[in-house]
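Okay, here's what each chain looks like letter by letter:
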Amino acid sequence: MIRDVPWAIRDFVDRGAQDQVMPPLRLMRDGPRGREVWTQNGREALHFYRDVLQLDRGAVMLDIGSGMGRKTIPLLSYLDDTARYIGLDIDRDQVRWCSRNITPRNFRFTFIHVDLFNKFYNHSGAIPPSKFVLPFPDNSFDVVSLWSVFTHMYPDDVAHYLAEIGRVLRPGGQLASSYYLINDDALAALKNGKTDLTLYPGDRYWTNNPNIPEDLTALDEAWLRGAYAAAGLTIETVLRGGWTGAKVDPELVTMNRQDIVVARATPPAASAA
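Scope of this entry: the structure provided in the associated data block. (Residues numbered from 1 in each chain as written. Predicted model: local features only at pLDDT ≥ 70, side-chain atom pairs only at ≥ 80, totals over all residues. Heavy atoms only, no water.)

Here we come to the overall build of the chain. Helix and strand content of the chain: 6 helices and 11 strands. Here the C-alpha atoms of the chain give a radius of gyration of 18 Å, agreeing with the 19 Å that 2.2 N^0.38 yields for 273 residues. Dimensions of the chain along its principal axes, counting C-alpha atoms only, are 65 × 50 × 40 Å. By the burial criterion, 48% of the 273 residues in the chain qualify as buried. Here the chain has roughly 13200 Å² of accessible surface; of this, 53% comes from carbon and sulfur atoms. Of note, the chain has its 30 positive side-chain charges centred 4 Å away from the centre of its 33 negative side-chain charges. (Helix = DSSP H or I, 4+ residues; strand = E, 2+ residues; numbered from the N terminus. Rg over C-alpha atoms; globule rule 2.2 N^0.38 Å. Buried < 20%, exposed > 50% of the residue type's maximum accessible area, 1.4 Å probe, protein only. Areas by Shrake-Rupley, 256 points an atom, 1.4 Å probe, with all protein chains shown as cover. Lys, Arg positive; Asp, Glu negative; His and termini not counted. Charge placed at Lys NZ, Arg CZ, Asp CG, Glu CD.)

Structure follows, in structure tokens:
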């Protein structure tokens, strides 16, 4: 990609030895590019999974939008040998790098490329998000995560994904995902200039880029809560993001710039005797 060229030059100039698993800057398309921010984000991810989500070390986990593994690599030393991690991503180069550099360290970590359409990230993708079916049986996972994925999708596609996630989560399983949530507080922050985002209203969403809305999308919180309920998911925690000026855990500064929603798959109701 053309936008990777300046970073490829930096990779060539700065070829210092790495003391950790880290991709080249040119492939860090899934977030801020830089070795320090990469390390910080991984440290924050481990804190979130371990101390906030209380992720079981033997969990079977699905990470949708696994990117370059910035939130995956810390799990290599956390998950035990009964766990399983599957990462899905639309960027073939990133999936290839993770498969070559993460999987050999633990073959229970696998990565799958899915050719999903996204006008901003994958404009030649073959699969519309509204038609995508997670290629797993019902009740397959203890945890599903999506970081900065729903912030690039339209409402109907988000609702479809939530339904699929509700299907593949085991009863009581957890979903952790990030958003820009629009509610009264967020609207006040936007009106009063307390956020660095400028958002324009669309059809049931807001965006910073009317020409390519998938660049960044924000969703109505009330609508989203209804979509969770329809998918059989119960929201348990909402960590308000720093993007609106909310106070966040100092150990989650980069992760919790967006709003983080933690939900649980609602166990089926017991049948009457």
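Let's shift gears to the sheet that holds strand S6 (residues 181-182). In space, the 4 strands of this open sheet follow the order S6-S9-S8-S7, with mixed pairing throughout. Edge positions in the sheet fall to S6 and strand S7 (200-201), since each of these pairs with one other strand and no more. Judged from the 3 bridges that link them, strand S8 (residues 205-207) and strand S9 (residues 217-220) form a sheet pairing that is antiparallel. Across the sheet, the residue bridging to Tyr205 is Leu219, located in S9. (Pairing = 2+ DSSP bridges.)

End to end, helix H2 (residues 35-52) covers 25 Å across 18 residues, agreeing with the expected 26 Å (1.5 Å per residue, within 8%). When we look at burial in H2, the residues that qualify are Trp38, Asn41, Gly42, Glu44, Ala45, His47, Phe48 and Tyr49. Residues of H2 that are buried make contact with strand S1 (60-64), strand S4 (141-146), strand S5 (169-179), strand S10 (233-239) and strand S11 (259-265). Gln54 sits one or two residues past H2 and shows a positive phi near 55°. (Expected span 1.5 Å × (residues − 1). Contact = heavy atoms within 4.5 Å.)

Tracing the chain through its elements places Asn118 in the loop between strand S3 (109-113) and S4. Reaching out from Asn118, the side chain makes a polar contact with the backbone nitrogen of Phe120 at a distance of 3.0 Å. Beyond its immediate sequence surroundings of up to four residues, Asn118 is in contact with Ile90, His123, His152 and Glu214. (Polar contact = N/O pair within 3.5 Å; in protein donor to acceptor, adjacent residues only side chain to side chain.)

Turning to the packing of aromatic side chains, a few remarks are in order. Considering all chains together, one arrives at 13 aromatic pairs under this definition. Each ring, one from Tyr85 and one from Phe109, has its centre 5.1 Å from the other, and the planes form 20°; the classification is stacked. In this pair, Tyr85 is assigned in strand S2 (residues 84-89) and Phe109 in strand S3, connecting sequence segments 24 residues apart. On the accessibility criterion, Phe109 (2% relative accessible area) is buried. For the pair Phe132 and Tyr161, a centre-to-centre distance of 6.0 Å together with 45° between the ring planes defines the contact as tilted. Taken together, the residues Phe132 in the loop between S3 and S4 and Tyr161 in helix H4 (residues 155-168) connect sequence positions 29 residues apart. The residues Phe132 and Tyr161 share a single accessibility class, namely buried. (Phe/Tyr/Trp six-rings, centres within 6.5 Å; stacked < 30°, edge-to-face > 60°.)

Summarising the element assignment, Ser177 is placed in strand S5. Among the residues examined, Ser177 registers a relative accessible area of 0% and is labelled buried. Side-chain polar atoms of Ser177 contact the side chain of Tyr228, separated by 3.0 Å. Residue contacts for Ser177: discarding those within four places in its chain leaves Leu146, Trp147, Phe150, Tyr228, Asp259, Ile260 and Val261.

Ranked by size, the top nonpolar core spans 35 residues in total, and within it Val144, Leu162 and Tyr179 carry the most contacts. Elements with a contribution of two residues or more to this core: S1, S2, S4, H4, S5, helix H6 (221-230) and S11. At 5 residues, the largest contribution of residues to this core is made by H4. If sequence neighbours within four positions are ignored, Val144 has contacts with Leu62, Ile64, Ile165, Val168, Leu169, Gln174, Leu175 and Ala176. In this structure, Leu53, Ile73, Leu76 and Ile102 belong to the second largest nonpolar core, which totals 34 residues. (Core = buried A, V, L, I, M, F, W, Y, C linked by side-chain atoms within 4.5 Å.)

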